[in-house]
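# A look at the structure
Now for the letters of each chain:
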Amino acid sequence: MKSDAHTWNLVYLELLLSERGYDVVNLGPCVPVPLLVREAVATQPDLVVLATVNGHGWYDGMAAVRALRAQPTLTDVPVVIGGKLGVSGLGNAALSSPLLAAGFTAVFDGDEKIDVFHAFLDTIRVRGVA
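Here the structure is a predicted model, which means the values were calculated and not measured.

### A closer look at the overall build of the chain
- Along the backbone of the chain there are five helices and three strands.
- Traced from its N-terminal end to its C-terminal end, the chain shows the element sequence α-α-β-α-β-α-β-α.
- Burial status across the chain gives 42% buried among its 130 residues.
- For the chain, the accessible surface area stands at approximately 7,200 Å², while carbon and sulfur atoms represent 60% of it.

This is how it looks when you write it as structure tokens:
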């Protein structure tokens, strides 16, 4: 996310995805949307994962997913977002529907267990992994 400068959650996700067979391209924190789109078009990933811990996930995520979905080669790539989506506490659950409508394949609120994310990953086919 362009406004999210947290690195440890990205390292955790990179390790988690690598252990599941993904070849991970970690763009690091504070990724501008044009860079995200350029890298996704260039690499044609099996999955795009956006993480947020600062509460601006809804706002930043909307811009990111709209830009990704505007690329013809990325329309079928699963794109997910997880973490702290907003700053409204329990009201953040209401942010999932607009994010899904904007083009996210799945939305993981910060209160969800990692098992839910693992179950989602079980539905994604990774190239080159049996």
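### Regarding the confidence of the model for the chain
- Residue-level pLDDT values for the chain average 86, and 87% of them are 70 or greater.
- Here strand E3 (residues 106-109) stands out as the element of the chain with the lowest mean pLDDT, 88, in contrast to helix H2 (residues 33-43), whose mean of 97 is the highest.

### What about the pattern of salt bridges?
- The tally for this structure, following the rule as stated, stands at one salt bridge.
- A salt bridge links Arg20 to Asp122; the nearest nitrogen and oxygen atoms lie 2.3 Å apart. Of the two residues, Arg20 is situated in the loop between helix H1 (8-19) and H2 and Asp122 in the segment after helix H5 (114-121); the sequence distance between them amounts to 102 residues.

### Overview of H1
- In a regular helix each residue adds 1.5 Å, so 12 residues correspond to 16 Å; H1 covers 17 Å between its end C-alpha atoms and thus fits that length.
- Three or more residues of H1 are buried, namely Leu10, Leu13, Leu16 and Leu17. In an axial view of H1, the angular spread of the buried residues amounts to 125°, which keeps them on one side of the axis. Every exposed residue of H1 that faces more than 90 degrees away from the buried side is listed here: Trp8, Leu15 and Glu19.
- The inward-facing, buried residues of H1 contact strand E1 (48-52) and H5.

### Thoughts on the packing of aromatic side chains
- Tallied over the full model, the rule gives two aromatic pairs.
- Measuring from ring centre to ring centre gives 5.7 Å for Phe108 and Phe120, while their planes differ by 70°; the resulting arrangement is edge-to-face. Note that Phe108 is positioned in strand E3 and Phe120 in helix H5, a separation of 12 residues in sequence.

### A few points about the nonpolar core
- Formed by 22 residues in total, the largest nonpolar core has its most connected members in Leu36, Val48, Leu50, Leu68, Ile81, Leu99 and Phe104.
- Breaking this core down by element, the ones donating at least two residues are H2, E1, helix H3 (57-69), strand E2 (79-83) and helix H4 (96-102).
- For this core, the element with the highest residue contribution is H3, accounting for five residues.
- Ranked by size, the runner-up nonpolar core spans 15 residues in total, among them Leu13, Leu17, Val80 and Phe120.

### Topic: the packing of H1 against H5
- H5 packs onto H1 with a crossing angle of 45° between their chain directions and a minimal axis gap of 12 Å. Relative to H5, H1 is oriented oblique. Note on packing geometry: the crossing formed by H1 with H5 is right-handed. Contacts from Tyr12, Leu13, Leu16 and Leu17 in H1 reach Ile114, Phe117, His118 and Leu121 in H5.
- Tallied by class, residues from the contact of H1 with H5 come to seven nonpolar, one polar and no charged.

Cut-offs and rules
- Residues numbered from 1 in each chain as written.
- Predicted model: local features only at pLDDT ≥ 70, side-chain atom pairs only at ≥ 80, totals over all residues.
- Heavy atoms only, no water.
- Helix = DSSP H or I, 4+ residues; strand = E, 2+ residues; numbered from the N terminus.
- Buried < 20%, exposed > 50% of the residue type's maximum accessible area, 1.4 Å probe, protein only.
- Areas by Shrake-Rupley, 256 points an atom, 1.4 Å probe, with all protein chains shown as cover.
- pLDDT = per-residue confidence, 0-100.
- Salt bridge = Lys/Arg side-chain N within 4 Å of Asp/Glu carboxyl O.
- Expected span 1.5 Å × (residues − 1).
- Arc of directions from axis to C-beta.
- Contact = heavy atoms within 4.5 Å.
- Phe/Tyr/Trp six-rings, centres within 6.5 Å; stacked < 30°, edge-to-face > 60°.
- Core = buried A, V, L, I, M, F, W, Y, C linked by side-chain atoms within 4.5 Å.
- Axes fitted to C-alpha atoms, helices over the stretch in contact; angles between N-to-C directions.
- Parallel < 35°, antiparallel > 145°, perpendicular 65-115°, else oblique.
- Left-handed = near helix turned anticlockwise from the far one by under 90°.
- Nonpolar A, V, L, I, M, F, W, Y, C, P; charged D, E, K, R; others polar.

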